[in-house]
Amino acid sequence: MTDPIVTRFAPSPTGFLHIGGARTALFNWLYARGRGGKMLLRIEDTDRERSTKAAIDAILDGLDWLGLHWDGETVYQFSRVARHREIAERMLAEGKAYRCFCTPEELAQMREKAKAEGKTRLYDGRWRDRDPSEAPAGQPYAIRLKAPLSGETVVEDQVQGRVTWQNENLDDFVLLRSDGTPTYMLAVVVDDHDMAVTHIIRGDDHLNNGARQTQIYQALGWTIPVMSHIPLIHGPDGSKLSKRHGALGVDAYRAMGYLPAAMRNYLVRLGWSHGDQEVFSTEEMIAAFDLPQIGRSPARFDFAKLESLSGHYMRTSPDADLLAAIDGLLPHLANGTDIAAKLTPPIRSQILAAMPDLKERAKTLVELIDAASFIWSGRPLALDDKATALLTPEARGLIREVTQALETVEPWTPAATEQAVRSYAETKGTKLGTVAQPLRAALTGRATSPGIFNVLTVLGRQESLARLRDQASAS
RNA sequence: GUCCCCAUCGUCUAGCGGUCUAGGACAUCACCCUUUCACGGUGAAGACCGGGGUUCGAGUCCCCGUGGGGACGCCA
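Residues numbered from 1 in each chain as written. Chains lettered and ligands numbered in written order. Predicted model: local features only at pLDDT ≥ 70, side-chain atom pairs only at ≥ 80, totals over all residues. Heavy atoms only, no water.

## Looking at helix α18 (residues 432-444)
Consideration 1: Compared with an ideal rise of 1.5 Å per residue, which puts 13 residues at 18 Å, α18 spans 18 Å between its outermost C-alpha atoms and is within 8% of the ideal.
Consideration 2: Taken as a whole, α18 has its buried residues at Val 435, Ala 436, Pro 438, Leu 439, Arg 440, Ala 441, Ala 442, Leu 443 and Thr 444.
Consideration 3: On its buried face, α18 sits against α14 (365-376), α15 (385-390), α16 (393-407), α17 (414-428), α19 (452-459) and α20 (461-473).
Consideration 4: One or two steps after α18, the chain reaches Gly 445, where phi turns positive at roughly 80°. (Helix = DSSP H or I, 4+ residues; strand = E, 2+ residues; numbered from the N terminus. Expected span 1.5 Å × (residues − 1). Buried < 20%, exposed > 50% of the residue type's maximum accessible area, 1.4 Å probe, protein only. Contact = heavy atoms within 4.5 Å.)

## Observations concerning the pairing of strand β10 (residues 226-230)
Consideration 1: Of all 5 residues making up β10, 4 are buried, and the element is well covered by its neighbours.
Consideration 2: Taken together, the 5 bridges between strand β9 (residues 199-203) and β10 define a ladder with parallel strand orientation. Across the sheet, residue His 199 finds its bridge partner in β10, namely Val 226.
Consideration 3: The β-α-β motif built from β9, the intervening helix α6 (residues 207-220) and the parallel element β10 has right-handed crossover chirality. (Pairing = 2+ DSSP bridges. Right-handed = clockwise from strand over helix to strand, strands pointing away.)

## Some details on α19
Consideration 1: In terms of burial, α19 is a largely internal element, 6 of the 8 residues being buried.
Consideration 2: Residues of α19 that are buried: Ile 452, Phe 453, Val 455, Leu 456, Val 458 and Leu 459.
Consideration 3: For α19, the elements touching its buried residues are α13 (345-359), α14, α17, α18 and α20.
Consideration 4: Looking one or two places after α19, you find Gly 460, whose phi comes out positive at around 90°.

## A short note on the sheet that holds strand β8 (residues 174-176)
Consideration 1: The strand order β4-β5-β8 describes an open sheet built from 3 strands, whose pairing is antiparallel. At either margin of the open sheet sits one strand with a lone partner, and together these are β4 (97-100) and β8. Here the average twist between neighbouring strands, direction ignored, is 45°.
Consideration 2: Sheet topology note: the β4/strand β5 (residues 142-145) ladder contains 4 bridges and is antiparallel. Paired with Arg 99 across the bridge in β5 is Ile 143. (Axes fitted to C-alpha atoms, helices over the stretch in contact; angles between N-to-C directions.)

## What about the layout of surface pockets?
Consideration 1: The calculated volume of the largest pocket comes to roughly 1100 Å³.
Consideration 2: At the level of elements, β1 (6-9), α1 (19-33), α5 (184-194) and β9 are the ones that each hand at least two residues to the lining of the largest pocket.
Consideration 3: No other element matches α1, which puts 5 residues into the lining of the largest pocket.
Consideration 4: The class makeup of the residues in the lining of the largest pocket is 15 nonpolar, 13 polar and 11 charged.
Consideration 5: Taken as a whole, the second largest pocket encloses approximately 280 Å³ of empty space.
Consideration 6: Lining the second largest pocket are 16 residues, with Asp 370, Ala 371, Ser 373, Arg 446 and Thr 448 sitting closest to its centre.
Consideration 7: The greatest single-element share of the lining of the second largest pocket, amounting to 5 residues, is contributed by α14. (1 Å grid on protein atoms, 1.4 Å probe; cavity = no way out; pocket = protein on both sides within 12 Å on 5 of 7 lines; lining within 4 Å. Points joined across faces, edges and corners; volume = space filled by probe spheres on them. Nonpolar A, V, L, I, M, F, W, Y, C, P; charged D, E, K, R; others polar.)

## Topic: the packing of α13 against α19
Consideration 1: Interaxial distance between α13 and α19 falls to 9 Å at its minimum, and their mutual angle equals 170°. In terms of their interaxial angle, α13 and α19 are classed as roughly antiparallel. Every residue of α19 that contacts α13 at Gln 350, Ala 353, Ala 354 and Asp 357 is listed here: Asn 454, Val 458 and Leu 459.
Consideration 2: Here the contact of α13 with α19 is composed, by residue class, of 4 nonpolar, 2 polar and 1 charged. (Parallel < 35°, antiparallel > 145°, perpendicular 65-115°, else oblique.)

## Structural notes on unusual backbone geometry
Consideration 1: The step from Arg 379 to Pro 380 runs through a cis peptide bond, and the omega angle for that step is -5°.
Consideration 2: Residue placement: Pro 380 occurs in the loop between α14 and α15.
Consideration 3: The peptide bond linking Glu 410 to Pro 411 adopts the cis configuration, its omega dihedral lying at -5°.
Consideration 4: Considering the arrangement of structural elements, one finds Pro 411 in the loop between α16 and α17.
Consideration 5: Despite not being glycine, Ala 196 shows a phi value in the positive range, around 60°.
Consideration 6: Here Ala 196 is to be found in the loop between α5 and β9.
Consideration 7: On the basis of relative accessibility, which here comes to 45%, the residue Ala 196 falls in the partly exposed class.

## Digging into the protein's contact with RNA strand B
Consideration 1: The full set close to RNA strand B counts 67 residues, and Thr 120, Leu 122, Arg 177, Gly 271 and Arg 361 are the nearest of them.
Consideration 2: Each atom of RNA strand B within 4 Å of the protein was classed as base or backbone; sugar and phosphate made up 73%.
Consideration 3: A distance of 2.9 Å separates a base nitrogen of RNA strand B from a polar side-chain atom of Lys 305.
Consideration 4: A distance of 3.4 Å separates a base oxygen of RNA strand B from a polar backbone atom of Gly 451.
Consideration 5: Those elements giving two or more residues to the surface near RNA strand B turn out to be α4 (104-116), β5, β7 (161-166), α6, β12 (299-300), α10 (303-316), α18 and α19.
Consideration 6: A per-element tally of the surface near RNA strand B places α18 first, with 5 residues.
Consideration 7: Counted by class, the surface near RNA strand B contains 20 nonpolar, 25 polar and 22 charged residues. (Near = heavy atom within 4 Å. Polar contact = N/O pair within 3.5 Å; in protein donor to acceptor, adjacent residues only side chain to side chain.)

## Notes on the packing of aromatic side chains
Consideration 1: For the structure shown, the criterion picks out 10 aromatic pairs.
Consideration 2: Consider the rings of Phe 101 and Tyr 141, whose centres lie 5.4 Å apart with planes at 55°: the pair is tilted. Of the two residues, Phe 101 sits in the loop between β4 and α4 while Tyr 141 sits in the loop between α4 and β5, which places them 40 residues apart along the sequence.
Consideration 3: Judged by relative accessible area, Phe 101 falls into the buried class, the value being 7%.
Consideration 4: Relative to Phe 289, the ring of Trp 272 lies with its centre 5.5 Å away and its plane at 45°, an arrangement referred to as tilted. Of the two residues, Trp 272 is situated in the loop between α8 (260-268) and α9 (282-288) and Phe 289 in the loop between α9 and β12; the sequence distance between them amounts to 17 residues. Each member of the pair, Trp 272 together with Phe 289, is buried.
Consideration 5: Connected via pairs of aromatic rings, a cluster forms that spans Tyr 253, Tyr 258, Tyr 266, Phe 301 and Phe 303.
Consideration 6: Between the NZ or CZ atom of Arg 48 and the centre of the ring of Phe 78, over which it lies, the distance is 3.7 Å. (Phe/Tyr/Trp six-rings, centres within 6.5 Å; stacked < 30°, edge-to-face > 60°. Lys NZ or Arg CZ within 6 Å of the ring centre and 35° of its normal.)

Laid out in structure tokens, this is it:
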């Protein structure tokens with residue numbers, strides 16, 4: 001029996017969960033779920049200066065919203081420093097690492113020199129073979145890996161293929177800082193090993209780290225996890241994602257009204273494909289996802305496609321789910337509290353009644369809420385510019401007459417009101433649109449809305465007639 | 001600068017030597033449907049970065065160039 005698959009998502013809590021991190025989490029989650037494995041969560045909070053509680057909360061909240069649930073307890077890397085130190089000491093004792101007494105100034109000089117000479121190896125290894133007895137007394141030291149000087153280090157990457165580095169280009173990097181805290185490079189290896197991680201899936205900005213970490217695994221004699229470095233996501237203009245375009249926290253996407261399912265679907269197709277399939281249910285995604293199908297070139301973030309996918313999920317979601325999604329979204333909206341207060345039980349059932357018509361034309365929950373707002377907007381109804389333009393004196397005259405025709409309609413159903421309006425238009429010798437648009441403006445305050453007869457039905461006889469009379473008499 | 005990675009329509013991508021006069025999706029543009037807006041339907045326009053090889057045959061393999069990206073910290 002082979003070992004169970006264990007993946008992990010390991011964000012550093014120095015900011016929100018951005019779109020790239022969300023996709024990395026999704027890939028890890030899909031890979032584990034599809035193979036009966038586990039996805040672990042490890043918060044890489046060893047940078048005490050920059051790690052914040054707020055960032056941790058944002059990451060957890062973001063994963064939760066996306067529906068990417070991890071297995072087991074969340075591991076906080078900082079809590080494991082003693083273990084990291086233990087391994088560093090062990091490597092020192094075994095001669096796999098050594099003490100380096102260089103000062104920051106010396107290091108800065110070395111770096112400059114190396115750059116000037118066009119060398120990749122920044123540290124010159126000056127303490128590599130020196131006897132510790134030569135160390136200046138009381139001088140703090142860092143522990144560096146005694147990396148191989150020749151030969152090559154290879155990462156057999158599932159997405160990048162076989163990637164090779166000449167060891168002469170890799171220097172003796174620091175494992176344990178002079179203040180006794182572990183570096184990221186050491187901590188990751190020790191934690192992944194201790195957490196029995198079998199597959200590392202992360203952004204390809206870590207590809208070079210993959211080589212360094214491989215050297216640590218080799219020094220320790222540990223099994224190297226299968227690595228997959230996925231390409232980064234770029235902004236619409238091809239540049240690195242910045243706050244100007246796509247680098248928003250996932251909470252921003254929630255606030256824009258995207259459904260988590262749409263988000264997952266959009267994200268999974270960024271860099272990964274399964275033939276010509278564009279739409280994937282979560283189950284399909286889990287079943288089809290695999291590492292070799294991930295592309296190696298960076299993808300650009302495209303709101304238009306996200307939007308389109310979002311519309312698809314809006315249309316295909318059950319009505320009640322969408323209402324629940326609105327409830328979930330309201331707390332995250334600026335005017336959410338005001339709207340929430342208006343959603344009384346009767347209003348909610350009106351929304352539900354209108355939902356089949358509403359969801360057909362909304363791309364996001366925000367649009368859905370906006371399109372539904374005519375239901376709870378009280379009289380006198382505010383008119384937007386287009387609606388105002390529609391309500392010419394002639395149009396108001398039409399409304400007056402149609403209202404009279406409508407007053408006798410019984411029962412108040414879409415078919416019956418349509419009957420009445422159509423026959424009115426016929427006797428007037430005008431097209432249905434000529435009377436439907438003014439009705440729409442008077443009823444919803446907008447120039448666009450669901451089908452006008454459904455609007456009449458959702459609003460009910462009393463409210464409909466009242467809104468019509470408001471506009472018939474006004475001028 | 002050095003190291004590493006990448007390169008098919010505007011965008012996401014299919015393509016794993018011949019079935020490619022290169023397929024799908026989003027976006028765009030027509031037309032149809034139609035009470036508005038969407039949806040839906042039909043159709044159009046739109047790509048293999050350049051140059052060398054290898055091969056009977058290259059979008060597919062190799063090399064060089066060019067262009068992107070990433071990494072070069074006692075950050076993660």
